[in-house]
Amino acid sequence: MKQHRFKKTITSIGIIVGLAVLAGCGDSSEKQLNQIAVWEDQGWTADGQLTKLMFEGNDEVRARATLAMARVNDTLTIDSVRLAYLNDSDPNVRATAAFVYGAGQWRKGAAHVVESLERDEDPQVIRETLQAMIRVYARDDYQKIFPFLRHDDPAIRAQGLLTLNGLNRRDEVDSLVRMLDDPDRTVQWCALFTLLGARTEAGAVAALPFLRDTSVEMRRLAYRVVGASPDLTMKDTLLQGLNDSNPLVRASAAEAFGLQPDTISIVKTYPYLETEENPLVLMSLLKALGDHWRAGIEPYLREFMKHKDPGVRAQAVKAATRRLDGDFADVIAPAVTDPSPQVRMAWCEAIDNIATYIQFDREPLQPYADSLTFDTVPRVRARALQTYLTLNGPNSAAHLNRIYNDADRYCQQMAINLIGTFRLQMYQDSLYEFYPTIIDMWRPELKWAILAASANMSPSVQPTPVRREIFTWGIDDPNRLVRWYSIAVWEKFREDHRDKLGTYKTDLTVENVDELLHPYAANPLAHLETTRGRITLELLQDRAPRAVRRFIEIARAGIYDGCWMNDIQPGNIVQTGDTRVNGWGLPGETVRDELQPDRVDAGDVLWLINSRDSGHGAFGLVLSRSPYLDWRYSRFAKIVDGLDVARSLTYSDTVRTVTIETPDAI
């Protein structure tokens, strides 16, 4: 068989050219900044040249080089980053160095992070260091955080609370409760957020006054803190939340019932099922009902499976499958023929979830899963295949082979994933023949699936010749994401191929940085016309120029038009941008992550990814402060008008059109 291979070597010529450009520029920081952008786009340190710029040039160049180190994420540079972290004269550089540790989750550098916390007195550095402690999981040093709860800077006090929460160290509840009296509102919110994880009676009692707060976000969080309490007398208090004038507060109160350890109190929510009209609140109520199944719920679930909103119908299906007594197959049967793919997907997901921990008669469900493997929507029939195999359907082999040979690439990907999961050795030769047919495909997901399946099917650390050749194709692939994945696969077989990682393919040069990454005199605007109204985004070309560039390309191509909401967490985030919900509805090329040491807050728009540098174009509209998203996603836009519209979106809504408004080019 002809071998398809691609070897990318980094020669000294590229480095010499880069150095010549810098030398020719004299002290021009602009040229240095452009060169940093190029090296960052390539994903390497240019044999140490990027690292050197962390210690040379003006403050802006050093800070920008340090930020690039976070995006390149080369752990071999940890000693150099430590020097900048502890010794640079500019606090912005030191703070950015803390971000390098946190963004890369360099746990081996936890001692360096703690060392900075003990030495540095600059508020910006302290704050970023406290956040970095979460990401490197410096849990054993949590006692060092408490003095910062008394710091003069409220931003540091707030971050100290979030760090205790992120490290799962909420032991001293009295200290947390005391922070609710802090004069700063952000600190109060962070104290409530941390008390939610503590799940104590003392925390719930302290949160009670905030149930009457004028702030919607405070009330939402306070109800969840009360619901998480082991004190069962709080259930009547939670009912007050279901009468709140704001639907997001009602949704949080409903969620709080799901957090309650008592299953009896859930019956008190039944009357609200008959009067509540907001789909987001109903979804939260149904989830709570599923978590605490009680007699008398079945008629409600049957009725909600006819609701006009697909999100409500989907949640009703998931709640019905939590029933532990009797046969529920007939109750959820309508979901199989529901007009919404989301509801049909929910049926599959619900069955897969309960099959992991509940023993039940699987045979009555097999015909339903069988029919869904022929669904017209690729993601539904692919997921239905997984469900059918989980149910031990009698035609599993035939269905797997059919989906494996499906014309849709996503179906093929899912079938290969299942081949690896079930270690079906008979497919190894077929995968060997399959890989060369996609060797020129830039999209990495199918190649990842073949590499993973081949590795999972190998019973020892010695790969067979067939598997070795597959892994070699992966390590020689032109796409760095595939090479990166192959390196991880090779590690299973105790072979180190990190020298083959190479760089990302890029069309960026020192001369065209402004043209490609900063083409506009001011930030462009994007107008999302949804079925609920207009949402206007300001695209942050200085923060995430690559994501902004791709977003504009996709929007102008009309790919975002008609997108429904892929996922909704009421009051927290709405995900959209992909008509197929699995990445395959978007261009194959991915966009490099452009992480920043930001805190994710209401109105931010995030570039969604499944793994590092894997974003195709789906995005998330953030509806409230979300600490669990900090330092994980590129923030490429912000909502400047229409945040209330975004908060009202449901699964029945769509993005009709996206219009880009750009200022004159520079």
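Residues numbered from 1 in each chain as written. Predicted model: local features only at pLDDT ≥ 70, side-chain atom pairs only at ≥ 80, totals over all residues. Heavy atoms only, no water.

**Some points on the side chain of S284**
Alright, step 1. Its place among the elements puts S284 in helix α17 (residues 279-291).
Alright, step 2. By relative accessible area, which is 12% here, S284 ends up buried.
Alright, step 3. Beyond its immediate sequence surroundings of up to four residues, S284 is in contact with A251, A254, E255 and P570. (Helix = DSSP H or I, 4+ residues; strand = E, 2+ residues; numbered from the N terminus. Buried < 20%, exposed > 50% of the residue type's maximum accessible area, 1.4 Å probe, protein only. Contact = heavy atoms within 4.5 Å.)

**Things to note about the pattern of salt bridges**
Oppositely charged side chains can form a pair if their charged atoms are brought close together.
Alright, step 1. For the structure shown, the criterion picks out 47 salt bridges.
Alright, step 2. Notably, a salt bridge pairs R71 with E40, separated by 3.0 Å at the nearest N-O pair. On the criterion of sequence distance, the pair formed by R71 in helix α4 (residues 59-72) and E40 in helix α2 (residues 29-42) is long-range, its members being 31 residues apart.
Alright, step 3. On the basis of relative accessible area, R71 is assigned to the buried category, the value being 4%.
Alright, step 4. On the basis of relative accessibility, which here comes to 1%, the residue E40 falls in the buried class.
Alright, step 5. Between E445 and R443 there is a salt bridge, and its shortest N-O distance comes to 3.7 Å.
Alright, step 6. By relative accessible area, E445 is classed as buried at 12%.
Alright, step 7. Salt bridges sharing common partners tie together E40, D41, R64, R71, R546 and E594. (Salt bridge = Lys/Arg side-chain N within 4 Å of Asp/Glu carboxyl O.)

**Overview of the packing of helix α25 (residues 409-421) against helix α27 (residues 445-456)**
Alright, step 1. Two numbers describe how α25 lies on α27: the axes approach to 8 Å, and their chain directions differ by 15 degrees. Regarding the angle of α25 to α27, the classification is roughly parallel. α25 and α27 meet at a crossing whose hand is left-handed. Between α25 and α27, the residues in contact are R409, Q412, Q413, I416, N417 and G420 and E445, L446, A449, I450, A453 and N456, respectively.
Alright, step 2. Along the lines of polarity and charge, the residues of the contact of α25 with α27 split into 5 nonpolar, 5 polar and 2 charged. (Axes fitted to C-alpha atoms, helices over the stretch in contact; angles between N-to-C directions. Parallel < 35°, antiparallel > 145°, perpendicular 65-115°, else oblique. Left-handed = near helix turned anticlockwise from the far one by under 90°. Nonpolar A, V, L, I, M, F, W, Y, C, P; charged D, E, K, R; others polar.)

**Observations concerning empty space enclosed by the protein**
Alright, step 1. Tallied over the full model, the rule gives 1 cavity of 30 Å³ or more.
Alright, step 2. Each pocket or cavity is described by its volume, and for the largest cavity that value is around 50 Å³. (1 Å grid on protein atoms, 1.4 Å probe; cavity = no way out; pocket = protein on both sides within 12 Å on 5 of 7 lines; lining within 4 Å. Points joined across faces, edges and corners; volume = space filled by probe spheres on them.)

**What about the packing of aromatic side chains?**
Here the distance between the centres and the angle between the planes together describe a pair of aromatic rings.
Alright, step 1. According to the stated counting rule, one finds 20 aromatic pairs in the structure shown.
Alright, step 2. Here Y101 and W106 contribute two aromatic rings whose centre-to-centre distance is 5.5 Å and whose plane-to-plane angle is 70 degrees, an arrangement assigned as edge-to-face. Across the pair, exposure class does not vary: Y101 and W106 are buried alike.
Alright, step 3. Consider the rings of Y270 and Y300, whose centres lie 5.3 Å apart with planes at 50 degrees: the pair is tilted. Here Y270, found in helix α16 (residues 270-275), pairs with Y300, found in helix α18 (residues 298-304); they are 30 residues apart in sequence, far enough to count as distant.
Alright, step 4. Y270 sits in the buried class, given a relative accessible area of 11%.
Alright, step 5. A network of ring pairs unites the aromatic residues F551, Y560, W607, F619 and F636 as a single cluster.
Alright, step 6. When the ring centre of F360 is taken as reference, the NZ or CZ atom of R362 above it lies at 5.4 Å.
Alright, step 7. One cation-aromatic arrangement involves R443 over W584; the distance from NZ or CZ to the ring centre is 4.3 Å. (Phe/Tyr/Trp six-rings, centres within 6.5 Å; stacked < 30°, edge-to-face > 60°. Lys NZ or Arg CZ within 6 Å of the ring centre and 35° of its normal.)

**Quick look at α17**
Alright, step 1. Along its 13 residues, α17 runs 18 Å from first to last C-alpha, staying within 8% of the 18 Å computed at 1.5 Å per residue.
Alright, step 2. Most of α17 is tucked away: 11 of the 13 residues are buried.
Alright, step 3. Listing the buried residues of α17 in full gives P279, L280, V281, L282, M283, S284, L285, L286, A288, L289 and G290.
Alright, step 4. Buried residues along α17 sit in contact with α15 (247-259), α16, α18, α19 (310-320), β4 (567-569) and α32 (643-648).
Alright, step 5. Capping the start of α17 is the job of one residue whose side-chain oxygen sits 2.8 Å from the backbone nitrogen of L280: N278. (Expected span 1.5 Å × (residues − 1). Polar contact = N/O pair within 3.5 Å; in protein donor to acceptor, adjacent residues only side chain to side chain.)

**Structural notes on the nonpolar core**
Alright, step 1. Ranked by internal contacts, the top residues of the largest apolar core, which has 172 residues, are W347, L537, L539, F551, L621 and F636.
Alright, step 2. At 9 residues, helix α11 (residues 185-198) tops the list of elements feeding residues into this core.
Alright, step 3. Residues contacting L621, with those up to four places away along its chain left out, are I535, L537, N572, I573, V574, D604, V605, I639, A646 and L649. (Core = buried A, V, L, I, M, F, W, Y, C linked by side-chain atoms within 4.5 Å.)

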